[in-house]
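Okay, here's what each chain looks like letter by letter:
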Amino acid sequence: MTRIALVTGGSRGLGKDMALALAGSGVDVLITYATQSDAAADVVAEIKKLGRMAAALPLDLRQISNIEAFADELENTLSGTFDGRPIDYLINNAGMGATIPMTEATEQQFDDFLNVHFKGVYFLTQRLLSGMNDGGCIINITTGTTRFCNPGYSLYASMKGAVEVLTRYIAKEYGHRGIRANVVAPGPVETDFNNAAIRSNPQLKERLAGMAALNRVGQADDIGGVVAFLCSDAAKWVNGQRIEVAGGINL
Ligand SMILES: NC(=O)c1ccc[n+]([C@@H]2O[C@H](COP(=O)([O-])OP(=O)(O)OC[C@H]3O[C@@H](n4cnc5c(N)ncnc54)[C@H](OP(=O)(O)O)[C@@H]3O)[C@@H](O)[C@H]2O)c1
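In this report, the structure presented in the accompanying data block is examined. The residue numbering used here restarts from 1 in each chain and proceeds along that chain's sequence as written. Thresholds applied to this predicted model are a pLDDT of at least 70 for local features of residues and 80 or more for the giving and counting of side-chain atom pairs; totals over whole chains, interfaces and linings are not thresholded and use all residues. Computation of side-chain values: all heavy atoms of the structure, hydrogens and water removed.

Here we come to the overall build of the chain. Secondary structure assignment for the chain yields eight helices and seven strands. With C-alpha atoms as the basis for the radius of gyration, the globule rule is written as 2.2 Å multiplied by the number of residues raised to the power 0.38. In terms of C-alpha radius of gyration, the chain reaches 17 Å, essentially the compact-globule figure of 18 Å for 251 residues. Seen through its C-alpha atoms, the chain measures out along the principal axes to roughly 50 × 40 × 35 Å. Exposure categories follow from relative accessible area, calculated using a 1.4 Å probe and restricted to protein chains: below 20% of the type maximum is buried, above 50% is exposed, and the middle band is partly exposed. By residue count, 47% of the 251 residues in the chain fall in the buried class. Secondary structure elements follow DSSP: runs of H or I no shorter than four residues count as helices, runs of E no shorter than two count as strands, and numbering proceeds from the N terminus.

So, on to the environment of Ala185. Within the element layout of this structure, Ala185 appears in strand S6 (residues 180-186). For Ala185, a relative accessible area of 0% translates into the label buried. Sequence separation between Ala185 and Tyr89 is 96 residues, and the spatial gap between their C-alpha atoms is 18 Å. By definition in these notes, contact holds between two residues if any of their heavy atoms fall within 4.5 Å. Discounting chain neighbours no more than four positions away, the residues touching Ala185 are Thr142, Thr143, Gly144, Glu164, Arg242, Ile243, Glu244 and Val245.

Let's shift gears to the site of the ligand. Proximity is defined per residue: if any heavy atom of the residue lies within 4 Å of a molecule or strand, that residue is considered near it. What surrounds the ligand is a group of 31 residues, the closest being Ser11, Arg12, Asn93, Tyr156 and Thr191. As used in this structure description, the phrase polar contact means that two N or O atoms lie within 3.5 Å; if the pair is within protein, one of them must be able to donate a hydrogen and the other to accept it, and residues adjacent in sequence are counted only when both atoms belong to side chains. Asp60 has a polar side-chain atom sitting 3.0 Å from a nitrogen atom of the ligand. The set of elements that each furnish at least two residues to the shell around the ligand consists of helix H1 (13-24), helix H4 (107-129) and helix H5 (154-174). The classification used treats Ala, Val, Leu, Ile, Met, Phe, Trp, Tyr, Cys and Pro as nonpolar, Asp, Glu, Lys and Arg as charged, and all other residues, Gly among them, as polar. For the shell around the ligand, a count of residues per class yields 13 nonpolar, 13 polar and five charged.

This part is about the pairing of strand S4 (residues 89-92). Where burial is concerned, the two faces of S4 agree: the one with Tyr89 and Ile91 and the one with Leu90 and Asn92 are both buried. Relative to strand S5 (residues 137-141), S4 runs parallel, the two sharing four bridges. Bridge assignment links Leu90 to a residue of S5, and that residue is Ile138. Taken together, S4, H4 and S5 constitute a β-α-β crossover, and its handedness is right-handed. At least two bridges found by DSSP between two strands are what make those strands a pair. Handedness of a crossover: with both strands directed away from the viewer, a clockwise path from the first strand across the helix to the second marks it as right-handed.

Glancing now at the packing of H1 against helix H8 (residues 224-231). Interhelical geometry of H1 versus H8 gives an angle of 50° and a closest axis separation of 8 Å. Classed by the angle they form, the pair H1 and H8 counts as oblique. For the pair H1 and H8, the sense of crossing is right-handed. Residues Asp17, Met18, Ala21 and Leu22 of H1 form the contact with H8, whose participating residues are Gly224, Gly225, Val227, Ala228 and Cys231. Residue composition of the contact of H1 with H8, grouped by class: six nonpolar, two polar and one charged. Fitting a line to C-alpha atoms yields each axis, with helices limited to the stretch in contact; the angle taken between N-to-C directions then spans 0 to 180 degrees. Should an angle fall under 35 degrees it is taken as roughly parallel, and over 145 as roughly antiparallel, whereas 65 to 115 is taken as roughly perpendicular and any remaining angle as oblique. For any helix crossing, the convention is left-handed if the near helix is rotated counterclockwise from the far helix by under a right angle, and right-handed if that rotation is clockwise.

Here the focus is the pattern of salt bridges. Each salt bridge in this description consists of a side-chain nitrogen of Lys or Arg and a carboxyl oxygen of Asp or Glu lying within 4 Å of one another. This structure, assessed with the given rule, holds 17 salt bridges. When the shortest N-O distance is used, the salt bridge between Asp222 and Arg216 registers 2.8 Å. Of the residues examined, Asp222 reaches a relative accessible area of 26% and is grouped as partly exposed. Arg216 gets classed as partly exposed once you look at its relative accessible area, which sits at 43%. One salt-bridge network, held together by shared partners, links Asp28, Arg52, Asp83 and Arg85.

In structure tokens form, the structure reads like this:
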């Protein structure tokens, strides 16, 4: 039976590459998007060109109450378009970035980062776990900045750090169902993230490149293959781990 992945934030950047890498490895894929429905539709078309089933659903994690309606819509889509099969893989990737010095962070910014990066991951995973196939996996996308510090990332990295702890708990609590949980922690990748900070600032790009042993910043296609590998049987004994995918940054 063909397996199914749900990739949150699959309309652009890393999530798009994960969706295409998973499709390329023979997996049917659902993606979510927050606002960019056209970009999401393009990803769906690309997945279908690879011969896999695909669909895109809206999900804005700034409002945790959106999760219930999303889960209902997911169930309808699985029954209508995916022959009623449950999902096997959940990739919690959706997110946004901002450089906010700690003294300037507002409570609203704290709550937005909390909701999208931690509370959303917690309650979406909680809501979907019971309906997931046994033997699948959950991959949470965090960041190199949980290991090293980048000024202005206190809010963002704190939430991602919480997700890393959560991931080990998911691995422990759901191992009896054969469900693995791992973290993929990218370093700086040239996407639209944080107002396309890397792409729009050559000095920043050069500085970040110099921090990696491989002497460049990441590209989206550095990440998707690792996610596809972790979902594959080749990674069947990898569980509760944090894998940094960052070209050897700050070694
Ligand atoms: N790029 C980096 O340097 C980097 C490094 C380490 C970790 N990461 C992590 O990798 C993940 C993907 O980042 P990216 O670089 O691919 O960013 P991106 O290109 O900006 O894409 C972000 C994705 O998340 C969705 N999204 C944004 N806000 C959302 C919200 N409030 N609720 C639900 N979905 C939302 C977007 O949907 P729309 O297209 O509809 O807006 C889009 O699909 C994030 O978790 C990020 O923290 C990125």
